[in-house]
Amino acid sequence: MLETIFGALFGLLSSPSIMGLMLVAVVCGLLVGVTPGIGGKLSIAMAIPFVFGMDMIAGAVFLITLHAVNGTSGQISSIMFGIPGDGDDAATTLDGYPLAKQGQAARALGASITASGVGGIIGAIVFALLIPVLKPIVLQFSPSEFFLIALLGICFIAFLASGPNIITGLIVGLWGLMLSTVGMDPMTGIVRYAGDALVLWDGVSLVTAVLAIFAVPEMLSLGARGTSIAAAPRSGDTLSYRQLVSGMLEVPRHWWLVIRTSAIGAVVGMIPGLGGSAAAWLCYGHAVQSSKTPERFGKGAIEGVIAPETASNAKEGGSLLPTLFFGVPGSSGMAILLGAFIMLGIQPGPTMMTNHLDVVWSLIWALVVGNLIAVTLLLVICRWVTVLTFVNGRILVPFILVFISLGCFLSEFQWQNLVILAPFSLLGYAFMRAGWPRAPFVIGLILGGTAEVALHQSLQLWGLWFFLRPVSLVLILMIVALLAYAIYRNIQTKTVLVEWTVDP
Amino acid sequence: MNRFSSAVTVVMLAIFVTMVAVAATYSEQARFMPFVIGIPAIGLCLLQLATDLHGARRARLAAAVPGPGPDRPPQQGEAPSAGDPASVSWQAALGAPSVASEIRTWTYFVAYIGGLLLFGFHVAVPILVAVYLFVEAKLSALAAGFAAAVFTLAVYLMFERLLEFRLHEGFLTERLIDAFAI
């Protein structure tokens, strides 16, 4: 075990090519993170063409580092201009921007960057500590449990991402599952829905589908909105290194808060669908509640910057757990990352614990080392990086589009994937426009093949009674309870709406 | 639930019905999974449509009764209210895109994919970058052309030379080169 753990670290640190790739990933991740509109999803989408054909570990380390450091620089616009780069950074604005207006922007940035890095490292440690605990549980799972895990994953994400209306999430999840049936049937060898299109005999390209459903709609939305945040009010504050250091020192000064919020963030990250926003707001609330002087919050309390930043980066470590061991991505960013992992040859599931633990540890160390490099680098360059927040979104659109099309083509070297990209993107855009969640689609598509084989195996082994296995029963109860609660919540929301409209 | 969402439900219903109908032509084992997924999915789409219709009827009834008006709570698919934390993101700060700008952006995308298929990466990439930067991002013709040229060169050197990948050359490019004997 120790050999695997430290072998992975030694493998990272002793390989100049991997360390070089990590450095490139950190720089790209920080620059992309600070640019409004390009979140973790688009950065991974843009990176796919570059990792194609790479060694499995090198490619995975590059992608996870890129994804992990994205959030570290995302808070710059929240603090400097009061406009968060994405939802994860919204909580930071509440106290970060008032601090900037008081002339303490550098202090807030120093604290948030350091907190973000420390949170990322603690999140990775929490994930590492849970591996030996989870191993015996995951290895007990039989085919019937894997089929039910796929259903539970879809229901869970549909529930968390759809708001009061779970049906739309379930429809999207089932659409992903349905799409996974395209191609050769694993049991009979009959080709389904593919006709003479050889490219579809192995199924719909996961990378193409994920890019179409997530990356293209985001990019087209960016293009349609355009403009930059240049019109935002600026604090007018210059960043002094003395203030930056004093901000960094705030993190060890509030070490207990940092550990608590990191742990909460990592646990929230493990729950698929909750995401960084929930982690950040939850920890912001926790910081307010646990403070002896809660009245300072919202007016420039440094704890209000530290707590959400630690949590939103700590969740990256936590969200690796369902992504790698169950194939259930914790967030939409993780979904694209998972698609890229599969392209690299990393198959999520219990075999990650038995046969590929070295890959898991490499990813954990990549999170730790990547965050350390990111924090050091960003503290030095943050005063210049802020310029990027004024980049006009429209300038980026054609470049991102080219990288997306390259990723789509190179994933299988098939031009047909470009044809598939267009209609699927239309559907992804329609989901986004209609307010439907898109994350359940990826779970359905990724787990569909496994779920089908698992269902057939379960039926052959236990017949229809496979539902009565103890672990299966627990999973079924969870699915039923989840759906029942979703329906109850739906009815309650409607009742409130009717009461509100009819009886003002 | 807005009308657009209902239209998406109808599209999804059509997709699921078609896929289940096609699956019916397969052998019993091969159609098992598509049926297990497709039939509940059709049921869910119908349930969603019924919910939308019911919601629309309720909304009409509610509209007839005087209500508090502008303070009504946001519904799914709508922009969050100003008090909502999510509304302070940069997207909210920029406002919702207009339909015209959406159509324009989609036209670029579809034209680019078409250009890629017909003329390949080496032709479609510089044209997309130059035209988009000039027309949409309002860069000068010189700056847009320069950015397009540098970017295309970088893509060529990175993927074709350094990584030795063979990018799609387009169905018409070679024919055109032959026809004009370039």
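Residues numbered from 1 in each chain as written. Chains lettered and ligands numbered in written order. Predicted model: local features only at pLDDT ≥ 70, side-chain atom pairs only at ≥ 80, totals over all residues. Heavy atoms only, no water.

A.B. asks: Could you give an account of the overall build of chain B, naming the residues involved and the relevant values?
C.D. replies: The helix and strand tally for chain B stands at seven helices and zero strands. Going residue by residue from the N terminus, the α and β elements of chain B occur as α-α-α-α-α-α-α. The long-range fraction of contacts in chain B, counting pairs at least 24 apart against all pairs at least 6 apart in sequence, stands at 56%. As presented, chain B carries roughly 10400 Å² of accessible surface, and 70% of it is formed by carbon and sulfur atoms. (Helix = DSSP H or I, 4+ residues; strand = E, 2+ residues; numbered from the N terminus. Contact = heavy atoms within 4.5 Å. Areas by Shrake-Rupley, 256 points an atom, 1.4 Å probe, with all protein chains shown as cover.)

A.B. asks: Can you break down the overall build of chain A residue by residue, with the values?
C.D. replies: Per the secondary structure count, chain A includes 20 helices and two strands. The buried share of chain A, taken over its 504 residues, is 63%. Considering only contacts in chain A between residues 6 or more positions apart, those separated by 24 or more positions represent 81%. Of the roughly 17300 Å² of accessible surface on chain A, 69% is carried by carbon and sulfur atoms. (Buried < 20%, exposed > 50% of the residue type's maximum accessible area, 1.4 Å probe, protein only.)

A.B. asks: Account for helix H18 (residues 416-434) of chain A, with residues named and values stated.
C.D. replies: Compared with the 27 Å implied by 1.5 Å per residue over 19 residues, the 28 Å span of H18(A) between its first and last C-alpha is a close match. Immediately downstream of H18(A), the backbone of Gly435(A) shows phi near 80°, a positive value. (Expected span 1.5 Å × (residues − 1).)

A.B. asks: Describe the pattern of salt bridges, listing the residues and the values that go with them.
C.D. replies: All names here are of chain A. In total, this model carries 11 salt bridges over all chains according to the counting rule given. With a shortest N-O distance of 3.0 Å, Glu250 and Arg107 are connected by a salt bridge. Here Glu250, found in helix H10 (residues 241-253), pairs with Arg107, found in helix H6 (residues 105-139); they are 143 residues apart in sequence, far enough to count as distant. Pair check on accessibility: Glu250 and Arg107 agree, each one buried. The shortest N-O distance in the salt bridge between Arg438 and Glu218 comes to 2.8 Å. Placement of the pair is Arg438 in the loop between H18 and helix H19 (439-462) and Glu218 in helix H9 (residues 206-225), with a sequence separation of 220 residues. You can call Arg438 buried: its relative accessible area is 11%. (Salt bridge = Lys/Arg side-chain N within 4 Å of Asp/Glu carboxyl O.)

A.B. asks: Tell me about the nonpolar core, residues and numbers included.
C.D. replies: Counting residues in each nonpolar core, the largest one holds 212 residues, and the members touching the most others are Leu63(A), Phe325(A), Met12(B), Phe16(B) and Tyr112(B). Once residues lying within four places of it in the same chain are set aside, the contact partners of Leu63(A) are Ile44(A), Ala47(A), Val51(A), Leu337(A), Ala340(A), Phe341(A) and Leu344(A). Counting residues in each nonpolar core, the second largest holds 12 residues, with Ala280(A), Tyr284(A), Ala301(A) and Ala311(A) among its members. (Core = buried A, V, L, I, M, F, W, Y, C linked by side-chain atoms within 4.5 Å.)

A.B. asks: Give me the lowdown on unusual backbone geometry, citing residues and values where you can.
C.D. replies: Residue and element names in this part refer to chain A. Not every positive phi belongs to a glycine, and Tyr193 is a case in point at roughly 60°. The backbone phi angle of Phe413 is positive, close to 55°, even though this residue is not glycine. Tracing the backbone through its elements, the reader meets Phe413 in the loop between helix H17 (393-410) and H18. Note on Phe413: relative accessible area 32%, which makes it partly exposed.

A.B. asks: Hey, could you go over the confidence of the model for chain B for me, with residue numbers and the actual values?
C.D. replies: Residues and elements named next belong to chain B. Looking at chain B as a whole, its pLDDT mean stands at 81, while 81% of the residues score no less than 70. Looking over chain B, one finds the lowest element-wise mean pLDDT in helix H3 (residues 90-94), namely 51, and the highest in helix H1 (residues 3-23), namely 93. Scored by ipTM, the complex comes to 0.82, with pTM at 0.77. (pLDDT = per-residue confidence, 0-100.)

A.B. asks: Provide a residue-level description of the packing of H6(A) against helix H16 (residues 357-385) of chain A, including the pertinent values.
C.D. replies: All names here are of chain A. Contact geometry for H6 and H16: axes closest at 9 Å, N-to-C directions at 170°. In terms of orientation, H6 lies roughly antiparallel with respect to H16. Of the residues in H16, those in contact with Leu109, Gly110, Ile113, Thr114, Ser116, Gly117, Gly120, Ile121, Ala124, Phe127, Ala128 and Ile131 of H6 are Leu357, Val360, Trp361, Ile364, Leu367, Val368, Asn371, Leu372, Val375, Leu378, Leu379 and Cys382. Across the contact of H6 with H16, the residue classes tally to 18 nonpolar, six polar and no charged. (Axes fitted to C-alpha atoms, helices over the stretch in contact; angles between N-to-C directions. Parallel < 35°, antiparallel > 145°, perpendicular 65-115°, else oblique. Nonpolar A, V, L, I, M, F, W, Y, C, P; charged D, E, K, R; others polar.)

A.B. asks: Explain the packing of H9(A) against H17(A) residue by residue, including any values.
C.D. replies: Residue and element names in this part refer to chain A. Axis separation between H9 and H17 bottoms out at 9 Å; the angle between their running directions is 170°. It follows that H9 is roughly antiparallel to H17 by the angle criterion. Both H9 and H17 take part in a crossing whose hand is left-handed. Contacts between H9 and H17 pair Val207, Thr208, Leu211, Ala215, Val216, Met219, Leu222, Gly223, Ala224 and Arg225 from the former with Gly393, Arg394, Val397, Ile400, Leu401, Ile404, Gly407 and Cys408 from the latter. Split by residue class, the contact of H9 with H17 holds 12 nonpolar, four polar and two charged. (Left-handed = near helix turned anticlockwise from the far one by under 90°.)

A.B. asks: Describe the packing of aromatic side chains, with residues and values.
C.D. replies: In total, this model carries 20 aromatic pairs over all chains according to the counting rule given. Consider the rings of Phe50(A) and Phe159(B), whose centres lie 5.2 Å apart with planes at 40°: the pair is tilted. Of this pair, Phe50(A) sits in helix H3 (residues 40-51) while Phe159(B) is found in helix H6 (residues 141-162), placing the two residues in two different chains. The class of Phe50(A) is partly exposed, set by a relative accessible area of 24%. (Phe/Tyr/Trp six-rings, centres within 6.5 Å; stacked < 30°, edge-to-face > 60°.)

A.B. asks: For the side chain of Thr105(B), give the residues involved together with the corresponding values.
C.D. replies: Summarising the element assignment, Thr105(B) is placed in helix H4 (residues 99-119). We classify Thr105(B) as buried; its relative accessible area is 5%. Once residues within four sequence positions are removed from consideration, Thr105(B) is found in contact with Leu220(A), Gly223(A), Ala224(A) and Tyr132(B).

A.B. asks: Can you break down the side chain of Thr92(A) residue by residue, with the values?
C.D. replies: Residues and elements named next belong to chain A. In this fold, Thr92 is placed in helix H5 (residues 90-101). Within the local environment of Thr92, its side chain forms a polar contact with the side chain of Glu309, the two groups lying 2.6 Å apart. The residues touching Thr92, leaving out its near neighbours within four places in the chain, are Gln75, Ser78, Ile79, Tyr97, Gly304, Val305, Pro308 and Glu309. (Polar contact = N/O pair within 3.5 Å; in protein donor to acceptor, adjacent residues only side chain to side chain.)

A.B. asks: Outline the environment of Ile342(A), listing residues and values.
C.D. replies: Residues and elements named next belong to chain A. For Ile342, the location among the structural elements is in helix H14 (residues 332-344). The exposure class assigned to Ile342 is partly exposed, which follows from its relative accessible area of 22%. Residues Ile342 and Met56 lie 286 residues apart in sequence; the distance between their C-alpha atoms is 9.7 Å. Setting aside its immediate chain neighbours within four residues, Ile342 contacts Leu206, Gln347, Pro348 and Ile446.

A.B. asks: Please give an account of the confidence of the model for chain A that cites residues and values.
C.D. replies: All names here are of chain A. For chain A, the mean per-residue pLDDT works out to 81, and 89% of the residues sit at or above 70. Per-element mean pLDDT across chain A ranges from 73 in helix H20 (residues 470-502) up to 92 in H18. Counting contacts from residues 500-504, a segment whose pLDDT is below 50, to residues more than four positions away or on other chains yields 13 contacts.

A.B. asks: Describe the environment of Met352(A), listing the residues and the values that go with them.
C.D. replies: All names here are of chain A. Checked against the element boundaries, Met352 lands in helix H15 (residues 351-354). Taking the C-alpha atoms as reference points, Met352 and Ser458, 106 residues apart in sequence, are found 22 Å from one another. If we skip the residues at most four places from it in the chain, Met352 touches Leu324, Phe325, Ile346, Gln347, Leu357, Val359 and Val360.

A.B. asks: Quick rundown of the environment of Tyr485(A)? Include the residues and the values.
C.D. replies: Residue and element names in this part refer to chain A. Mapped onto the fold, Tyr485 is located in helix H20. Judged by its relative accessible area of 42%, Tyr485 is partly exposed. A sequence separation of 187 residues divides Tyr485 from Gly298, and the C-alpha atoms of the two residues are 34 Å apart.

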